[in-house]
Amino acid sequence: MKVNDEREDLIRRINETQRNLGRVFAQHPSPLFTSNLTMRQLKVVMLLSVRGGSASGQEIAAGLGVGPGTVTGIVDRLLAQGLVSRHEDPHDRRVRRVELTPAGAAFLEEVNSVGSQQMRRIMDHLDTETLRALDEVTRAIWTVAEKLGDS
């Protein structure tokens, strides 16, 4: 097998395994599946979290690839659920900022906690040598992801 063919086969197998893990995780209760959030609403909550809990409507629109009018409706529905708040930017009153509320932050923390618990349950069944290898591989993936994120 050629090196490129082997690489492609490995990448395909890794992606397939990740999808299979996603299916396993989806079988367990998660706030993602019990919430009434649409995909766009979830993206806004996650975008706010990544941006330190706050973003302007324009920043959200750019992050979602939609117009400001679309963002208004999404944010209105998140406001109604208590996951975000909206207020004037103290530095520029023309700008409306959207912030993650404590309830929104708690929702994301619960999502992350459930995922971590599921991974922990799996890793508890791996031997130490496998965990060392997994640690090395995940750190290598993180290093590349950071570099790609900077470019």
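Residues numbered from 1 in each chain as written. Predicted model: local features only at pLDDT ≥ 70, side-chain atom pairs only at ≥ 80, totals over all residues. Heavy atoms only, no water.

- In the annotation of an unreviewed UniProt entry, the protein chain is listed under the name DNA-binding transcriptional regulator, MarR family and assigned to Nonomuraea wenchangensis.

A look at the confidence of the model for the protein chain
Thinking step 1. Looking at the protein chain, pLDDT values average 90 and 98% of them are 70 or higher.
Thinking step 2. Within the protein chain, helix 2 (residues 31–34) has the poorest average pLDDT of any element, 80, and helix 3 (residues 39–50) the best, 94. (pLDDT = per-residue confidence, 0-100. Helix = DSSP H or I, 4+ residues; strand = E, 2+ residues; numbered from the N terminus.)

Focus: the side chain of serine 56
Thinking step 1. Here serine 56 shows up in strand 1 (residues 54–56).
Thinking step 2. Taking relative accessible area as the criterion, serine 56 reaches 8% and is therefore assigned buried. (Buried < 20%, exposed > 50% of the residue type's maximum accessible area, 1.4 Å probe, protein only.)

Quick notes on the layout of surface pockets
If you roll a probe as big as a water molecule over the atoms, it shows you where there is empty space left.
Thinking step 1. Looking at the largest pocket, its volume works out to about 480 Å³.
Thinking step 2. Taken together, Ile14, Thr17, Gln18, Leu21, Met119, Ile122, Met123, Leu126, Leu134, Val137, Thr138 and Ile141 form the lining of the largest pocket.
Thinking step 3. Every element with two or more residues in the lining of the largest pocket is listed here: helix 1 (3–26), helix 6 (102–123) and helix 7 (128–150).
Thinking step 4. Among the residues making up the lining of the largest pocket, the classes are represented as 9 nonpolar, 3 polar and no charged. (1 Å grid on protein atoms, 1.4 Å probe; cavity = no way out; pocket = protein on both sides within 12 Å on 5 of 7 lines; lining within 4 Å. Points joined across faces, edges and corners; volume = space filled by probe spheres on them. Nonpolar A, V, L, I, M, F, W, Y, C, P; charged D, E, K, R; others polar.)

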